[in-house]
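Residues per chain, in single letters:
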Amino acid sequence: MKALRFHAARDLRIEDVAAPDRTPPPGQVLVRNRFVGICGTDLHEYAYGPIFIPTTPHPFTGAQGPQILGHEFGGVVTAIGEGVSSVKPGDRVSVQPLIMPRAGDYYADRGLFHLSPQLALAGLSWAWGGMAEEAMLHEYNVQRIPDALRDEEAALVEPAAVAVYSCDRGGVGAGSAVLVTGAGPIGLLTLIAARAAGATTLFLSDINDARLAFARSILPDIVALNPQRDDVGSRVRAATEGGAGCDVALECVGNEHALKACLDAVRKQGVVVQTGLHPHDNPLDWFQVTFKDVDLRGAWAYPTHYWPRVIRMIASGILPASKIVTARIRLDDAVAEGFEALLDPSGRHIKILIDLAA
């Protein structure tokens, strides 16, 4: 079958590789992939990797490069292994890509599978990924989707789950004032998820005016801020009750200046959630953390049980994830029209989906 594999930084290759076995092992499911998204993590692997892709066999899955990329995907079940009962051939599914022990691990035993130190991901540290014609997965990795969810939306459940979890970690609720830093795919989905959770005052900060304009086309009432021109903290305080600041600030960049802006903009006893991955240590004003009595929380991935909930949110229209999609391309064009296009500093594209049937 055809697959896009990572060999080294700036070395992605469309290759013919052996397809998965037609008869899945017990507890596993064979999926014909339909759409897969290019994630920021995939971009980082392409530009600077390997980062998460193992260079020696992964301690839990045994996987190592060359790696089939793609962890935001969905498709159609074509075969099931012995003992599989939640899906059947012909079912359309969204893939929850986290792979880890299901028991015998401190976190797994508590249902916190996403926190397992043995964590692996389809498309990063598992033999199969979404940027190929087929993938073999565990039964717990696939969730049947309703007729109301389109095939391309199945590939958006994964990044939407990151966004929903970020809002949950921040306690976003009805009437909340929320700042999101970063107008990339996760930032925009987090903005949409915050509105779905009931936030009424939304601020978005990014240095790219084109992305801010795109965000306003989705949610026209947001307050769009460019920190190269605007004092984010002052603007947020001026537009919130009592000049106190926002209730929740969600950092979706992994940038030290953005995190500092979140701490500045959040009100006393507010919550700052770090969702973006920082590449290095970040000096923060810890006096302000104490003086403002704030909660500073991380948001790593998502609990795996989020899938049905996020699917319902997208299918109902309350979380219109497909609005962030700016292009749909073929697998053969993934490097030039996908990875390179997303690395363009103009930021013209937000989310690019690869159509495996094209």
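Just above, that's the structure.
The numbers attached to residues start from 1 for each chain and follow its sequence in the written order. Side-chain atom pairs in this predicted model are given and counted only at pLDDT of 80 or more, local residue features only at pLDDT of at least 70, and totals for whole chains, interfaces and linings cover all residues. Computation of side-chain values: all heavy atoms of the structure, hydrogens and water removed.

Some details on the overall build of the protein
Line of reasoning, step 1. The helix and strand labels rest on DSSP assignments: H or I over at least four residues marks a helix, E over at least two residues marks a strand, and numbering proceeds from the N terminus. Counting secondary structure elements, the protein contains 10 helices and 18 strands.
Line of reasoning, step 2. Put simply, the radius of gyration uses C-alpha atoms, and a globule should come to 2.2 Å times the residue count raised to 0.38. Relative to the 2.2 N^0.38 estimate, which gives 21 Å for 358 residues, the radius of gyration of the protein is 20 Å and therefore close to what a compact globule would have.
Line of reasoning, step 3. The C-alpha extent of the protein, read off along each of the three principal axes, is 65 × 45 × 40 Å.
Line of reasoning, step 4. Relative accessibility decides the category of a residue: with a 1.4 Å probe and only protein chains considered, values under 20% of the type maximum give buried, values over 50% give exposed, and everything between is partly exposed. Considering the protein as a whole, with its 358 residues, one finds that 56% of them fall into the buried category.
Line of reasoning, step 5. Two residues qualify as a contact provided that any one of their heavy atoms is within 4.5 Å of a heavy atom in the partner residue. Here the contacts in the protein between residues at least 6 apart in sequence split such that 70% fall between residues at least 24 apart.
Line of reasoning, step 6. A residue counts as positive if it is Lys or Arg and as negative if it is Asp or Glu; His and the chain ends are not included. Taken as the charge centre is NZ of Lys, CZ of Arg, CG of Asp or CD of Glu, depending on the residue. Mean positive and mean negative side-chain charge positions of the protein (32 and 40 charges, respectively) differ by 4 Å.

What about the pairing of strand 3 (residues 28–37)?
Line of reasoning, step 1. Most of strand 3 is tucked away, with eight of its 10 residues classed as buried.
Line of reasoning, step 2. Relative to strand 9 (residues 134–138), strand 3 runs antiparallel, the two being bridged by five bridges. Looking at the pairing, Leu 30 lines up with Met 136 of strand 9.
Line of reasoning, step 3. The pairing of strand 3 with strand 5 (residues 72–80) spans eight bridges and is antiparallel. Two strands are counted as paired when DSSP detects at least two bridges linking them.

Considering a nonpolar patch on the surface
Line of reasoning, step 1. Note on patches: the residues involved have over 30% relative accessible area and no salt bridge, like charges join within 9 Å, and the nonpolar side chains Val, Leu, Ile, Met, Phe, Trp and Tyr join within 5 Å. Per-residue and other accessible areas follow the Shrake-Rupley method at a 1.4 Å probe size, with only the shown protein chains counted as cover for residues. Salt bridges are counted wherever a side-chain nitrogen of Lys or Arg sits within 4 Å of a carboxyl oxygen of Asp or Glu. Taken together, the side chains of Tyr 48, Ile 51, Phe 52, Tyr 106, Tyr 107, Leu 112, Leu 115, Leu 277 and Trp 300 present a nonpolar region at the surface, about 910 Å² in accessible area.
Line of reasoning, step 2. Secondary-structure assignment places Tyr 48 in helix 1 (residues 40–48).

Structural notes on helix 10 (residues 334–343)
Line of reasoning, step 1. If you check which residues of helix 10 are buried, you get Ala 334, Gly 338, Phe 339, Ala 341 and Leu 342. Along helix 10, the residues classed as buried sweep out an arc of 165 degrees about the axis, all on the same side.
Line of reasoning, step 2. Residues of helix 10 that are buried sit in contact with strand 1 (2–8), strand 2 (11–16), helix 1, strand 17 (325–330) and strand 18 (351–355). The directions from the helix axis to the C-beta atoms form the arc being described.

Here we look at the side chain of Glu 153
Line of reasoning, step 1. Its place among the elements puts Glu 153 in helix 2 (residues 151–154).
Line of reasoning, step 2. Among the polar contacts listed, one links the side chain of Glu 153 to the backbone nitrogen of Arg 150, at a separation of 2.8 Å.
Line of reasoning, step 3. Beyond its immediate chain neighbours, meaning those up to four positions away, Glu 153 contacts Ala 148, Ile 314 and Ser 322. Any pair of nitrogen or oxygen atoms within 3.5 Å is treated as a polar contact; in protein, a donor-acceptor pairing is required on top of that, and neighbouring residues in sequence qualify only through side-chain atoms on both sides.

Quick notes on the sheet that holds strand 1
Line of reasoning, step 1. Taken in spatial order, the three strands line up as 2-1-4 in an open sheet, and their pairing is antiparallel. Single-partner strands in this sheet number two, and they are strand 2 and strand 4 (67–68).
Line of reasoning, step 2. Bridge count between strand 1 and strand 2: six bridges; the pairing is antiparallel. Among the inter-strand pairings, Ala 8 is bridged to a residue of strand 2, identified as Asp 11.

A word on the environment of Ala 135
Line of reasoning, step 1. Following the sequence through the fold, Ala 135 ends up in strand 9.
Line of reasoning, step 2. The buried category is assigned to Ala 135, whose relative accessible area is 0%.
Line of reasoning, step 3. With 104 residues separating them in the primary sequence, Ala 135 and Val 31 have C-alpha atoms 5.3 Å apart.
Line of reasoning, step 4. With sequence-adjacent residues up to four places away left out, Ala 135 is seen in contact with Pro 20, Val 29, Leu 30, Val 31, Asn 33, Phe 73, Trp 128 and Gly 129.

Here we look at the environment of Ser 346
Line of reasoning, step 1. Here Ser 346 is to be found in the loop between helix 10 and strand 18.
Line of reasoning, step 2. Note on Ser 346: relative accessible area 37%, which makes it partly exposed.
Line of reasoning, step 3. As for Ser 346 and Asn 208, which are separated by 138 residues in sequence, their C-alpha atoms are 7.6 Å apart.
Line of reasoning, step 4. If we ignore the near neighbours within four places in the chain, the residues touching Ser 346 are Asn 208 and Ala 210.

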